[in-house]
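# Close look at the chain arrangement
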Amino acid sequence: MSGKSAEKRHGHGSSPDSPIEQYYPPATSGLTGYPSGSSFAEDITSQYPEIHVRPTGLKGLFYHPYTQVVLLGIVCFMCPGLFNALNGLGAGGQIDSTTSANANSTLYATFAVAAFFAGSINNILGPRMTLFLGSFGYAIYIGSYLVVNIHTNAGGFVIAAGALLGVCAGLLWTAQGSLMLAYPTEDQKGKSIGIFWSIFNLGGVVGASVSLGQNFHSELNRVSNGTYIAFMILTGTGALVPLFMANPEKMVRTDGTKVMMPRQPSWKTEVYGLYIALRTDPLIVLLFPMFFASNWFYTWQFNDYNAALFDIRARSLNNLIYWISQIVGSVSIGLLLDQYRFPRRARAFAGWSILFIFVLIVHIWAFFYQRTYTRQSMPPNSSKMDISHKGYTTHLFLYVFCGLLDSMWQTTAYWMMGAMSNDPAKLAYFAGFYKSIQSAGAAGVWRADAMKVPYMNLFLSTWALLTAGLVFSLPMIHLRVRDHTDVEDEVLAHVEELHRVLPTESNRWR
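All figures in this text were calculated on a predicted structure; none of them were measured in a lab. (Residues numbered from 1 in each chain as written. Predicted model: local features only at pLDDT ≥ 70, side-chain atom pairs only at ≥ 80, totals over all residues. Heavy atoms only, no water.)

### A word on the overall build of the chain
Let me state the cut-off plainly: Counting from the N terminus, the helices are DSSP H or I runs at least four residues long and the strands are E runs at least two residues long. Accessibility here uses a 1.4 Å probe with only protein chains present; expressed as a share of the type maximum, an area under 20% marks a residue as buried, one over 50% as exposed, and anything in between as partly exposed. Areas reported as accessible are Shrake-Rupley estimates using a 1.4 Å probe. Residue values count occlusion only from the protein chains shown.
Secondary structure summary: the chain contains 19 helices and 2 strands in total. Of all 510 residues assigned to the chain, the portion counted as buried reaches 57%. Entry remark: accessible area of the chain is about 19,700 Å², with carbon and sulfur atoms responsible for 67%.

Pasting the structure below:
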């Protein structure tokens, strides 16, 4: 805010008798009002950030952090959410999974490269523009499956569309991570992630519902053209939503603190910022195995379980239940992680323990199913399990637990990053690392699936990587997660070599 509408007061409360105002009158209590040599004054201002009066009425509702998180969720509902619904069917809704696996491998390979630098692009273009540009690849990718449904020899176009989507997705997810982690206060981050993840996964639910309705009586074992057309319309609509989101520079958190916006630096400074993010927070490296595992399990779940065992009707129903389970999982773990009655460290360890238990349950259960079939015993054109077959219900419940584990894993990973900093620029780098490493792992496992690596090998690698991710994250929680975020964690650019660069008039579309 600025001008008369941006009334400010110093301290945590509104009382003029608060300690900060007793020692320093309003005329000298601003962040830049202290003499350069007053270290005590600097300590006081660092502990008592500027408090801004939030707007009221409809404007206040629009600029509320939760409203913007909801809009962010809608973008991802329409774009990656429907992509997930398509991918969750296994083989992209087709019979043979080879083209889909190769397209996903290409997608995540370009995603890994794009995501690594997307934090820098986000800080230069601003999160709204980055989100806007990142949304368009989804409709093109879904359209490529419509093309291959009509022209069966167009698999190359699907792979090319996957490469383009990888670049777009790198931009979208980095902007999403920066905004979602920057808007809420520390005790609202888990809830915000849960809200976002629930809306995002509604895309999978809606997409799976459309697919189930359109293919319930299908005997082709692949989705119809109408399904792909409906998905294209929805993703194209979702790409326009960022144009109507609030300018992050005008956002004020619910505790009255302003959202710190990314700077407009040079490319050299931004590339160096990747190094600075690692140097100032080296323990983020201990989360890299967790990041690497966070998309690895999709290949086995979607292609090697859902597509391998079930017909298109059962695949569609499994897909619907899976994404509903993701909503339940994300909300549940988000509420737990935001129980501020308990110390944040205790919540972190509790979240870790729940993930560990679910990894054991899901993979011990799945092991007994996986050892009963192979690629040779269940080729693409073989007779598949239908919803009316004996044993289907227990197989479906395993998929429910897979959905719960996935959403809780992703939500907890974001929450841990948010516990390390509140600075959007730094969080943009963290989100970029997350998506880059996650995508590198996904590119490898999707390619392995396309090369027909045995199902059991892919399953065991999934189990091992999830376990390793938890083992490595445990010392990070012990050493780095504190009961509050320190001021020095708020600003990436406080490092002397980087120099702080303030937003310029040319960068106001953010």
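### Details of the confidence of the model for the chain
Applied cut-off: Per-residue confidence from the predictor is given as pLDDT, running between 0 and 100. Here a residue-residue contact requires only that any non-hydrogen atoms of the pair lie within 4.5 Å.
Taken as a whole, the chain shows an average pLDDT of 80; of its residues, 82% reach a score of 70 or greater. Counting interchain partners and residues more than four positions distant, the pLDDT-below-50 stretch residues 1–42 has 55 contacts. pLDDT under 50 marks residues 493–510. Its contacts with residues more than four places away, or in other chains, come to 52 contacts.

### Things to note about the environment of Val285
Within the element layout of this structure, Val285 appears in the loop between helix 12 (267–280) and helix 13 (288–293). Judged by relative accessible area, Val285 falls into the partly exposed class, the value being 41%. Sequence separation between Val285 and Met476 is 191 residues; the distance between their C-alpha atoms is 8.8 Å.

### Details of a nonpolar patch on the surface
Basically, it comes down to this: Patches in this entry comprise residues that are over 30% relatively accessible and not in a salt bridge; like charges within 9 Å are linked, as are nonpolar side chains (Val, Leu, Ile, Met, Phe, Trp, Tyr) within 5 Å. The term salt bridge refers to a side-chain nitrogen of Lys or Arg lying within 4 Å of a carboxyl oxygen of Asp or Glu.
Taken together, the side chains of Phe356, Ile357, Leu360, Ile361, Ile364 and Phe368 present a nonpolar region at the surface, about 500 Å² in accessible area. In this structure, Phe368 sits in helix 16 (residues 344–370). Using a relative accessible area of 44% as the deciding quantity, one classes Phe368 as partly exposed.

### Some thoughts on the packing of aromatic side chains
What describes a pair of aromatic rings is the distance from one ring centre to the other and the angle between the planes of the rings. Just so we agree on the cut-off: Aromatic pairing here means that ring centres of Phe, Tyr or Trp (its six-membered ring) are within 6.5 Å. Orientation follows from the plane angle: under 30 degrees is stacked, over 60 is edge-to-face, and everything else is tilted. Lysine NZ or arginine CZ positioned within 6 Å of the ring centre and within 35 degrees of the ring normal marks a charge as sitting over the ring.
Applying the stated criterion across every chain, the model contains 33 aromatic pairs. Taking the centre distance of 5.2 Å and the plane angle of 85° together, the rings of Phe132 and Phe136 count as edge-to-face. Judged by relative accessible area, Phe136 falls into the partly exposed class, the value being 37%. Residue placement shows Arg313 over the ring face of Phe216; its charged tip is 4.7 Å from the ring centre.

### Quick word on helix 11 (residues 225–238)
Short version of the rule: In this analysis, the expected span of each helix is defined as 1.5 Å times one less than the number of residues it contains. Note: the arc covers the axis-to-C-beta directions of the helix.
Its 14 residues place the ends of helix 11 20 Å apart at the C-alpha level, agreeing with the 20 Å of an ideal helix rising 1.5 Å per residue. Within helix 11, the full set of buried residues consists of Thr227, Tyr228, Phe231, Thr235 and Gly238. The buried residues of helix 11 occupy an angular sector of 90° when the element is viewed end-on, so they sit on one face. Packing partners of the buried residues in helix 11 comprise helix 4 (65–78), helix 5 (80–88), helix 8 (137–150) and helix 10 (189–215).

### What to know about the environment of Gly137
As for its position among the elements, Gly137 is in helix 8. For the pair formed by Gly137 and Gly166, sequence separation is 29 residues and the distance between their alpha carbons is 8.1 Å. Filtering out sequence-adjacent residues up to four positions away, Gly137 remains in contact with Leu165 and Cys168.

### Points about the nonpolar core
Basically, it comes down to this: Note on terminology: a nonpolar core comprises buried Ala, Val, Leu, Ile, Met, Phe, Trp, Tyr and Cys residues joined through side-chain atoms within 4.5 Å.
The biggest cluster of nonpolar side chains holds 127 residues, and the ones touching the most others in it are Trp173, Phe196, Tyr305, Trp409 and Tyr414. A total of 16 residues in this core trace back to one element, the largest contributor, which is helix 17 (residues 392–420). Apart from residues no more than four positions distant in its own chain, Trp173 is found in contact with Cys76, Pro80, Phe111, Tyr138, Phe196, Phe200, Tyr414 and Lys435.

### Here's the deal with the packing of helix 4 against helix 9 (residues 155–182)
Selection criterion: The axes used here are C-alpha line fits, helices contributing only the stretch in contact, and every angle between their N-to-C directions lies in the interval 0 to 180 degrees. Relative orientations are named as follows: roughly parallel for angles under 35 degrees, roughly antiparallel for angles over 145 degrees, roughly perpendicular for angles from 65 to 115 degrees, and oblique for any other angle. Note on convention: near helix rotated counterclockwise from far helix by under a right angle means a left-handed crossing. Clockwise means right-handed.
With their axes 11 Å apart at the nearest point, helix 4 and helix 9 run at an angle of 160° to one another. By the angle class used here, helix 4 and helix 9 are roughly antiparallel. Handedness of the crossing formed by helix 4 with helix 9: left-handed. Facing helix 4, whose interface residues are Leu72, Val75 and Cys76, helix 9 presents Leu172, Trp173, Gln176, Leu179 and Met180.

### Topic: unusual backbone geometry
Notably, Lys452 is not glycine yet its phi reads approximately 65°, a positive angle. Along the chain, the position of Lys452 falls in the loop between helix 18 (424–450) and helix 19 (455–480). For Lys452, a relative accessible area of 37% translates into the label partly exposed.

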